[in-house]
Amino acid sequence: MEESTGRNIDPDMLGEFLDEMQEKCEAATQDLIELEHNPDNMDMLNRLFRDVHTAKGSLALLNLDELIPVFQGIEDVLDSLRQNSLPFSSMLSDALLLSFDRAFAAAIKLPTEGSDGLDLPHLDSIGERLTRISRSETKEIDHQLKSLIMLIDPATGTRLGSITEPQEAVDNSTTSFANTELEAPTLMKRFDLVLDNDLLFFIGVAKQMEVRSPYWYGRSERMALLALAMNEHAGKPVDPEQLFCAVLLHDLGMAFQPLDLLHKDGAFSEDERYQIQSHVNVGFECLRRMPDWQAAAVMILQHQERCDGSGYPLRLKGNQIEDGAKILAIVDTFDARTHERAHTELPNRPFMRAILEINRHAGLALDQFWVDHFNEALKNLEKNALL
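Residues numbered from 1 in each chain as written. Predicted model: local features only at pLDDT ≥ 70, side-chain atom pairs only at ≥ 80, totals over all residues. Heavy atoms only, no water.

S.K.: What's the story with the pattern of salt bridges in this structure? I'm lost.
M.R.: Should their charged atoms come close, side chains of opposite charge can pair. Under the defined criterion, the tally for this structure stands at 11 salt bridges. Between D332 and R219 there is a salt bridge, and its shortest N-O distance comes to 3.6 Å. With D332 in helix α16 (residues 323-339) and R219 in helix α10 (residues 219-233), the pair connects residues that are 113 residues apart, well separated along the chain. Both residues of the pair, D332 and R219, count as buried. Note that D335 and R222 form a salt bridge whose closest N and O atoms lie 2.7 Å from each other. Highlighted residues: D335 in helix α16 and R222 in helix α10, separated in sequence by 113 residues. (Salt bridge = Lys/Arg side-chain N within 4 Å of Asp/Glu carboxyl O. Helix = DSSP H or I, 4+ residues; strand = E, 2+ residues; numbered from the N terminus. Buried < 20%, exposed > 50% of the residue type's maximum accessible area, 1.4 Å probe, protein only.)

In structure tokens:
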């Protein structure tokens, strides 16, 4: 078939290639997430390498040469991983995931829109940087990966609000929750929240908690927006004010942890893990003394429970866990995935990566019903430019 771009591409071959590429990209995404937990899995690395090499050959057959540099760069990185000359890391995984996604998006557009519809220098730069990373000294890799991720997805540094240092957060009078009032009326108006004196007090507590750690800043509003949107999409089975309260105070106990423990790199000792896990009891005990907030207290107690029984403190399963706690578990996990490395590496992790991880645990650790509403709520929030 003669395309408007002047390319002679068989439509059946193109369709088969795009279907196969989508399937391989989805499989590669899951493999890369799995490799974070098992980076020495050579069978998985070899399979990824073969799939990328095959896709690169198909691009040449289909006369889609403009995409080859990206796939060549991905192949170079995977080969270096196979040779143990490049260390695997979560940031490297992010970079590869974004590169796959960008290459697939370009493959869809190229046959019909031609080179004019693509930013070819951008694609070439992605490929060149991946190849350079595959040959870099270890001390240079993190900086190069961060630069590559920001090149591919500039929104990584701005979505859901950027992280601000604690002192800036205190001094900035226009920030969310400043003076115990929401400067942006999004939550109050969108979800018809009734902010009584208790909730105003909880907002003030949340504001002060966010100062405790540089990568907590802004999390209360981020999490509340998503949690309330999920609840609304499901028909509001959870009382919105109780859910809002639980979001604000769910990590109250964490704010009283020593900073060296709160910011510790590496694995916790058994005693440290017990101390960290006790934070759910602290929040619960504080709130349960207030008669009007019993439901929120239970959400806080259960927000680290998991549907498969792998959570804490009571190892509850399935329907033993309150819906509000299930919502909170999802938004807490999502916010951690998009901001967990903010204090050292990136303001935010790529959305795509975080969404995939949430869905990977659907029906297992996280409730399938609420993950479905998470997906829809997130789409609606992005569509309405509320994220």
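S.K.: What is the right way to read the nonpolar core from this model?
M.R.: Judged by nonpolar contacts, the single largest core of 50 residues is most densely connected at L226, M230, F244 and L287. When sequence neighbours within four positions are dropped, the list of residues in contact with L226 reads V331, F334, F374, A377, L378 and L381. Of all hydrophobic cores here, the second largest spans 46 residues; its members include A55, L67, F71 and A107. (Core = buried A, V, L, I, M, F, W, Y, C linked by side-chain atoms within 4.5 Å. Contact = heavy atoms within 4.5 Å.)

S.K.: What's the story with the packing of helix α9 (residues 197-210) against helix α11 (residues 240-249) in this structure? I'm lost.
M.R.: Helix-helix packing is described using two parameters, namely the angle between the two axes and the distance between the axes. Where α9 contacts α11, the axes come no closer than 9 Å and their chain directions differ by 25°. With respect to their mutual orientation, α9 and α11 come out roughly parallel. Crossing of α9 over α11 shows left-handed handedness. Each of L199, F202, I203, V205, A206 and M209 in α9 lies in contact with α11, whose residues at this interface are E241, F244, C245, L248 and L249. When its residues are assigned to classes, the contact of α9 with α11 shows 10 nonpolar, no polar and 1 charged. (Axes fitted to C-alpha atoms, helices over the stretch in contact; angles between N-to-C directions. Parallel < 35°, antiparallel > 145°, perpendicular 65-115°, else oblique. Left-handed = near helix turned anticlockwise from the far one by under 90°. Nonpolar A, V, L, I, M, F, W, Y, C, P; charged D, E, K, R; others polar.)

S.K.: Got a minute to help me understand the side chain of R222 in this structure?
M.R.: The class for R222 is buried, based on a relative accessible area of 10%. Side-chain polar atoms of R222 contact the backbone oxygen of Y217, separated by 3.1 Å. A polar side-chain atom of R222 sits 2.7 Å from a polar atom in the side chain of D335. (Polar contact = N/O pair within 3.5 Å; in protein donor to acceptor, adjacent residues only side chain to side chain.)

S.K.: Is there a simple way to explain a negative patch on the surface in this structure?
M.R.: A cluster of acidic side chains, namely D12, E16, D19, E20, E23 and E26, defines a negative patch on the protein surface. Examined against the element boundaries, E20 turns out to sit in helix α1 (residues 11-37). Take E20: its relative accessible area is 37%, and that puts it in the partly exposed class. (Patch = residues over 30% accessible without salt bridge, like charges linked within 9 Å, V, L, I, M, F, W, Y side chains within 5 Å. Areas by Shrake-Rupley, 256 points an atom, 1.4 Å probe, with all protein chains shown as cover. Lys, Arg positive; Asp, Glu negative; His and termini not counted. Charge placed at Lys NZ, Arg CZ, Asp CG, Glu CD.)

S.K.: Please clarify how the packing of aromatic side chains should be interpreted in this entry.
M.R.: Each aromatic ring pair is characterised by the separation of its centres together with the angle its planes make. Per the counting criterion, the structure on display carries 4 aromatic pairs. Between the aromatic rings of F201 and F202, the centroid separation amounts to 5.9 Å while the plane-to-plane angle is 55°, which identifies the pairing as tilted. For F202, a relative accessible area of 1% gives the class buried. Where F202 meets W293, the ring centres are 5.4 Å apart and the plane angle is 80°; that geometry is what we call edge-to-face. Of this pair, F202 sits in helix α9 while W293 sits in the loop between α14 (279-287) and α15 (294-302), and the two are 91 residues apart along the sequence. Using a relative accessible area of 4% as the deciding quantity, one classes W293 as buried. Through successive ring pairs, a cluster of aromatic residues spans F201, F202 and W293. Positioned above the aromatic ring of F49 is the side chain of R82, whose terminal nitrogen or guanidinium carbon lies 3.8 Å from the ring centre. (Phe/Tyr/Trp six-rings, centres within 6.5 Å; stacked < 30°, edge-to-face > 60°. Lys NZ or Arg CZ within 6 Å of the ring centre and 35° of its normal.)

Keep in mind these values describe shape, not function.
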